[in-house]
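Notes for the structure review
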Amino acid sequence: MAAVASVDALSTTTTSSTSRASSAAYTTAPIVACSFQAGMTAATVPMAVWNIRGMTSRHLVVVGPMAVGKSTVGEALAGRSGRPVRDSDADLTEAEGLSGRHYARARGVEALHRWEADHLRRSLRATMPSVIAAAASVVDDPGCREDLAGDGAFVIALTAPPEVLAARMDDDDQRRDTGGPAPGRSGRFREVADVVVD
């Protein structure tokens, strides 16, 4: 279960520059949500709003580690933008009748990660722009990273301190134990991101 009650509860955060955004983006999730609805992405430092061509036809993809709040932020962004939400965890449970944790136990972690990568690709192929709460593992897949770098996706990466993530996972017995994140995953979230929310 996500730890933020709403997008409005997120505090102002800073980021370093990423390969997707040439300058550092300092933003809040409410600003991202409101500006996405208007067809733009916002930065509060520097005080500027970047017009993104074709934003109205792009999917908004939320990435980040397990327990960072992707589902909660994705639902809030979907509510603000009037778009459908595709949540990897919820869609897995609906399609397979298993949580991620139980799917990994029954079929293996690699099979789970393949399902999650396929879910992202299917979601990005949809003609109706949506908000996609992607599984953490998608950034480990080179093909998914390429898809996220394409013109059809605007990517928000969420981060949180390790101790916060650990506490959230301790409180939720549905979080799966997959042996920890792949090496370098944190950097890959930032690589694919247009905006990073810390």
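Further up the page is the structure itself.
Here goes a summary of the coordinates provided. All of these numbers come straight from a predicted model, not from anything done at the bench. (Residues numbered from 1 in each chain as written. Predicted model: local features only at pLDDT ≥ 70, side-chain atom pairs only at ≥ 80, totals over all residues. Heavy atoms only, no water.)

Describing the packing of aromatic side chains
In this description, an aromatic ring pair is defined by two values, namely the gap between the centres and the angle between the planes. Short version of the rule: Paired rings are identified among Phe, Tyr and Trp, the last through its six-membered ring, by centres lying within 6.5 Å, and are further divided according to the angle between planes into stacked (under 30 degrees), edge-to-face (over 60) and tilted (the rest). Cation placement over rings: the criterion is NZ of Lys or CZ of Arg within 6 Å of the ring centroid and within 35° of the ring normal.
What the rule picks out here adds up to 0 aromatic pairs. Positioned over the ring face of Trp115 is Arg122, at 5.4 Å from the centre of the ring.

Structural notes on the pairing of strand β3 (residues 59-63)
Spelled out, the test is: Each residue is placed in one exposure class: buried if its accessible area under a 1.4 Å probe, protein chains only, is under 20% of its type's maximum, exposed if it is over 50%, and partly exposed if it falls in between. For helices the rule is a DSSP run of H or I covering at least 4 residues; for strands it is a run of E covering at least 2, with both sets numbered from the N terminus onward. Two strands make a pair as long as DSSP finds a minimum of two bridges between them.
Within β3, 5 of the 5 residues are buried, which leaves the element mostly enclosed by the surrounding structure. Along β3, one buried face is formed by His59, Val61 and Val63 and the opposite face, lined by Leu60 and Val62, is buried too. As paired strands, β3 and strand β5 (residues 131-133) are joined by 3 bridges and run parallel to one another. By the bridge assignment, Leu60 is partnered in β5 with Val131.

Some remarks on the environment of Gly79
By secondary structure assignment, the location of Gly79 is in helix α2 (residues 70-81). Overall, the relative accessible area of 60% leaves Gly79 in the exposed class. Sequence-wise, Gly79 and Val131 are 52 residues apart; in three dimensions their C-alpha atoms are separated by 9.5 Å.

Side note on the pairing of strand β6 (residues 153-158)
In terms of residue burial, β6 counts as a mostly covered element, since 6 of its 6 residues are buried. The two faces of β6 match: Ala153, Val155 and Ala157 on one face and Phe154, Ile156 and Leu158 on the other face are all buried. Sheet analysis places β3 next to β6, joined by 5 bridges and oriented parallel. Within the sheet, the bridge partner assigned to Val63 lies in β6 and is Ala157.

So far we have only geometry, and geometry alone does not tell us how the molecule works.
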